[in-house]
Amino acid sequence: MHDQSPYIALIGNPNSGKTAIFNLLTGMNQKVSNYPGITVEKKRGIAHISSHQSMEIWDLPGAYSLIPESMDEHIVSMQVLRWMQGMDRPRAIISVVDSCSLSRNLYLTSQLLKLNIPIIIALNMMDRLKRRNQEIDINALKNLLGVAAVVPMSAREKWGIEELKSAIVDLGSHKKNLSMLKLQIPEEIKIKLQPIQDFFQKKYSYDEGLALEHSLRVVTSKAAVDIYKDHNLISKENEYKLYNLREKVVSEVDKLGMNYQILEATIRYDMLDRALADNNIINNEEVHVISRSEKADKILTHKWLGPFIFISLLYTIFQFIFSWASLPMDWIDSLIGRLGDYFISIMSPGILRSLLVEGIISGVGAILIFLPQILILMFFLNILEDTGYM
């Protein structure tokens, strides 16, 4: 039995515009906390999707896949694993996809299709795609994936958000469609995966398709097994059995001359590239216009100029922090000194004056004097992150 909750999960690659869409949906109605035991932020907000309907939105950390290679991917994988167990399942998933990197972004989306949770594709950055003289066949993509809706949009230019809200409202009338995507797993690999597939079907009641795909993920990365142990979703006996099954399959895959560490990526990207090409999803693939971002990337990531530019940027940032911040720091130091002198002049010597001048004013001043350096550092870090340089 599935425990479905009245919220929508927002999932996507880093730098796909996921958080920008979250902010457009929720505005200031946000709540930020931490996931249990770690410092990764958990963002939740309320979106008013119509005049009479609101919905809670969860902004999950950015992830490239459900193989937990980073802390953010660990959080997303953990959440999806709970959904696979039937716990805390969302009303729907909004999968944010960068339309300019369709195959790479659909990798994560394709891993979500077997969850039997309605999915809305937020096809973001369509403004950049149009500048490259490219188009995406929205209906063909929707039919290929079997999702509830595909919504073209641009979070940067703030259009498409109302259509996304309408797609959420229409979820109640959505008829489930089967995805045309199917992993072409070589028969000899499928045979090797069978023991792990049987394990998941028997121990966790996964359906055949979900068990097969998850078996492939477990063989590709030991981290996909570790996450069961980390969150107490497996008994000691079954943990030992699953590790042994995986080691045996890994050994057998190696004997076939295949690299088990890229097994899922190889099969899944092959499926996506073939499907996108065969169904003519992307039209006018020849790019006639090089975007400003691509022009900048050619310079910033140049073999010889790139490191020099990087060092120059770091030098400039450090100059701002340690040299040019000295002026506002001197102002703050002077202001704190004058404030202390003022209270010394109007108060008689004693414990209260010492507490106020030497304790409170001097203590707060010792912290405030570093405020310009902190603000300058955060300013530059935000610029580097927002531009995608970091």
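As shown above, the structure is provided for reference.
## So, the overall build of the protein chain
1) Next: Each helix and strand in the protein chain was counted, giving 16 helices and nine strands.
2) Next: By principal-axis analysis of the C-alpha atoms, the protein chain measures approximately 85 × 60 × 55 Å.
3) Next: Within the protein chain, the proportion of its 390 residues that are buried is 44%.
4) Next: In the protein chain, of all internal contacts separated by at least 6 residues, the share reaching a separation of at least 24 is 71%.
5) Next: With an accessible surface of roughly 21,500 Å², the protein chain has 57% of that area assigned to carbon and sulfur atoms.
6) Next: Of the charged side chains in the protein chain, 41 are positive and 43 negative, and the gap between their average positions amounts to 3 Å.

## Points about the pairing of strand β1 (residues 7-12)
1) Next: Across the six residues of β1, six count as buried, placing the element largely inside the fold.
2) Next: A two-sided burial pattern is seen for β1, the buried positions comprising Tyr-7, Ala-9 and Ile-11 on one face and Ile-8, Leu-10 and Gly-12 on the other.
3) Next: Pairing of β1 with strand β4 (residues 53-59) involves four bridges; the strand directions are parallel. Of the residues in β4, the one forming a bridge with Tyr-7 is Glu-56.
4) Next: Of the strand pairs in this sheet, β1 and strand β5 (residues 92-98) are connected by five bridges, and their pairing is parallel. Note on β5: the bridge partner recorded for Ile-11 is Ser-95.

## Observations concerning the packing of aromatic side chains
1) Next: With the rule as written, the count across this model stands at 14 aromatic pairs.
2) Next: Ring centres 6.1 Å apart and planes at 45° place the aromatic pair Phe-200 and Tyr-204 in the tilted group. Within this pair, Phe-200 and its partner Tyr-204 are both found in helix α7 (residues 187-204), separated by four residues, close to a single helical turn. Both residues of the pair, Phe-200 and Tyr-204, count as buried.
3) Next: Put simply, the rings of Phe-199, Phe-200, Tyr-204, Tyr-206 and Tyr-228 touch in pairs and so form one group of aromatic residues.
4) Next: Sitting above the plane of the Tyr-107 ring, Arg-268 keeps its charged end 5.9 Å from the centroid.

## Structural notes on a nonpolar patch on the surface
1) Next: On the surface, Leu-352, Leu-355, Ile-360, Val-364, Leu-368, Leu-371 and Leu-375 cluster together into a nonpolar patch covering about 630 Å² of accessible area.
2) Next: Mapped onto the nonpolar patch, the elements with two or more residues apiece are α15 (351-368) and α16 (371-386).
3) Next: Considering every element that reaches the nonpolar patch, the biggest residue donor is α15, with five residues.
4) Next: Judged by relative accessible area, Leu-371 falls into the partly exposed class, the value being 37%.

## Notes on the side chain of Asn-124
1) Next: Considering the arrangement of structural elements, one finds Asn-124 in strand β6 (residues 119-124).
2) Next: The buried category is assigned to Asn-124, whose relative accessible area is 2%.
3) Next: One polar contact links the side chain of Asn-124 to the main-chain amide nitrogen of Ala-155, over a distance of 2.9 Å.

## What to know about the environment of Lys-255
1) Next: Note that Lys-255 resides in helix α10 (residues 236-255).
2) Next: Each C-alpha atom, one on Lys-255 and one on His-74, is 30 Å from the other, the two residues being 181 residues apart in sequence.

## A look at the pattern of salt bridges
1) Next: Inspection of the entire model under this criterion finds eleven salt bridges.
2) Next: The closest approach of N and O atoms between Glu-264 and Arg-217, which form a salt bridge, is 3.2 Å. Here the residue Glu-264 occupies a position in helix α11 (residues 263-278), and Arg-217 occupies one in helix α8 (residues 208-220), the gap between them amounting to 47 residues. For the pair formed by Glu-264 and Arg-217, the shared burial category is buried.
3) Next: Measuring nitrogen to oxygen at the nearest pair gives 3.1 Å for the salt bridge that ties Arg-268 to Glu-264. Placement of the pair is Arg-268 and Glu-264 together in helix α11, with a separation of four residues, close to one helical turn.
4) Next: Judged by relative accessible area, Arg-268 falls into the buried class, the value being 1%.
5) Next: Residue classification places Glu-264 among the buried residues on the basis of a relative accessible area of 0%.

Conventions and cut-offs
Residues numbered from 1 in each chain as written. Predicted model: local features only at pLDDT ≥ 70, side-chain atom pairs only at ≥ 80, totals over all residues. Heavy atoms only, no water. Helix = DSSP H or I, 4+ residues; strand = E, 2+ residues; numbered from the N terminus. Buried < 20%, exposed > 50% of the residue type's maximum accessible area, 1.4 Å probe, protein only. Contact = heavy atoms within 4.5 Å. Areas by Shrake-Rupley, 256 points an atom, 1.4 Å probe, with all protein chains shown as cover. Lys, Arg positive; Asp, Glu negative; His and termini not counted. Charge placed at Lys NZ, Arg CZ, Asp CG, Glu CD. Pairing = 2+ DSSP bridges. Phe/Tyr/Trp six-rings, centres within 6.5 Å; stacked < 30°, edge-to-face > 60°. Lys NZ or Arg CZ within 6 Å of the ring centre and 35° of its normal. Patch = residues over 30% accessible without salt bridge, like charges linked within 9 Å, V, L, I, M, F, W, Y side chains within 5 Å. Salt bridge = Lys/Arg side-chain N within 4 Å of Asp/Glu carboxyl O. Polar contact = N/O pair within 3.5 Å; in protein donor to acceptor, adjacent residues only side chain to side chain.

Function cannot be read off these values alone, since they describe shape.
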